[in-house]
Amino acid sequence: SVSYTHLDVYKRQDVYCRTLGSDYPQTAIVLNNLGSLLDDQGKYADARSYVNHAIAIWKKHLGPQHTAIANGLTTLGNIAFHEQEYTLAQQYFEEAVRMHEQVTGANHFETGRALSNLAFVAKTLGNVVDARKLFTQALAIYEQVLGRCV
């Protein structure tokens, strides 16, 4: 397993910015990863800023509906979840689910992952029925894609 520090990711972002330009889609991947790393460190405002910048780059180059944007929304959902802003996290995860369904299809692995994230929020909010439904949907997708696991 590879482990990156904030400095490693920042250096990589700097290389991409100087080589490819600050608004290149590959640079946006690093910005999103840096946002995720800052989220892990509890630096939520900085994390959101990097991820929002990444999403803006992806929208400019890839259009308004793309899996990269859905992944950025998932990162924003994770940040909101860690800040205990569960309603906001739910909104980001719902948007990620919708986008994955539109772009990759309702039975794609990434759609299942997005449903699972949404299920965790429902569980945290005490919506056990919704959480079970969402986890069951995610499991059905995983089993369809990967085969039965139980």
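Look up: the structure comes first, before these words.
In short, a report on the structure. Keep in mind the model is a prediction, meaning the values are calculated, not measured.

How each quantity is defined
Residues numbered from 1 in each chain as written. Predicted model: local features only at pLDDT ≥ 70, side-chain atom pairs only at ≥ 80, totals over all residues. Heavy atoms only, no water. Phe/Tyr/Trp six-rings, centres within 6.5 Å; stacked < 30°, edge-to-face > 60°. Helix = DSSP H or I, 4+ residues; strand = E, 2+ residues; numbered from the N terminus. Axes fitted to C-alpha atoms, helices over the stretch in contact; angles between N-to-C directions. Parallel < 35°, antiparallel > 145°, perpendicular 65-115°, else oblique. Left-handed = near helix turned anticlockwise from the far one by under 90°. Contact = heavy atoms within 4.5 Å. Nonpolar A, V, L, I, M, F, W, Y, C, P; charged D, E, K, R; others polar. Expected span 1.5 Å × (residues − 1). Core = buried A, V, L, I, M, F, W, Y, C linked by side-chain atoms within 4.5 Å. Buried < 20%, exposed > 50% of the residue type's maximum accessible area, 1.4 Å probe, protein only. Salt bridge = Lys/Arg side-chain N within 4 Å of Asp/Glu carboxyl O.

Here we look at the packing of aromatic side chains
One pass over the full model with this rule turns up three aromatic pairs. Pairing Phe120 with Phe135 gives two aromatic rings, centres 5.1 Å apart and planes at 90 degrees, and the pair type is edge-to-face. Linking Phe120 in helix H6 (residues 109–124) with Phe135 in helix H7 (residues 128–146), this pair joins segments that are 15 residues apart in sequence.

Let's talk about the packing of helix H3 (residues 44–62) against helix H4 (residues 67–82)
As a packed pair, H3 and H4 sit with axes 9 Å apart at the nearest point and diverge in direction by 165 degrees. Overall, the two elements H3 and H4 adopt an arrangement that is roughly antiparallel. In this structure, H3 crosses over H4, and the sense of that crossing is left-handed. Residues Tyr44, Ala47, Arg48, Val51, Asn52, Ile55, Trp58, Lys59 and Leu62 of H3 touch H4, and the partners they reach there are Ala68, Ile69, Gly72, Leu73, Thr75, Leu76, Ile79 and His82. Residues of the contact of H3 with H4, tallied by class, amount to eleven nonpolar, four polar and two charged.

Focus on H6
In an α-helix, one full turn covers 3.6 residues, which means residues spaced three or four apart are oriented alike. Taking 1.5 Å per residue as the helical rise, H6 with its 16 residues ought to reach 22 Å, and the 23 Å between its terminal C-alpha atoms agrees with that figure. Looking at the buried positions of H6, the neighbouring elements they touch are H4, helix H5 (86–103) and H7. Backbone geometry just after H6 places Gly126 at a positive phi near 85 degrees.

Overview of the environment of His82
Residue position: His82 is located in helix H4. Taking C-alpha positions, His82 is 7.8 Å from Asp39, a pair spaced 43 residues apart along the chain. What His82 contacts, discounting residues up to four positions off in sequence, is Asp39 and Tyr44.

Details of the nonpolar core
Formed by 34 residues in total, the largest nonpolar core has its most connected members in Ile55, Trp58, Ile69, Leu73, Leu76, Leu115 and Leu134. Counting residues per element, this core draws most heavily on H4, which supplies seven residues.

Notes on the pattern of salt bridges
Here the structure, examined in full by the defined rule, presents two salt bridges. The shortest N-O distance in the salt bridge between Glu83 and Arg48 comes to 2.7 Å. Taken together, the residues Glu83 in the loop between H4 and H5 and Arg48 in helix H3 connect sequence positions 35 residues apart. The class for Glu83 is partly exposed, based on a relative accessible area of 29%. For Arg48, a relative accessible area of 27% corresponds to the partly exposed category. Here Glu110 ties to Arg113 by a salt bridge, and the two come within 2.6 Å at their closest N and O atoms. Highlighted residues: Glu110 and Arg113, both in helix H6, separated by three residues, approximately one helical turn.

Focus on the environment of Ala96
Following the sequence through the fold, Ala96 ends up in helix H5. Taking relative accessible area as the criterion, Ala96 reaches 0% and is therefore assigned buried. In this structure, Ala96 is in contact with Ala70, Leu73, Thr74 and Ala114, ignoring residues within four places of it in sequence.

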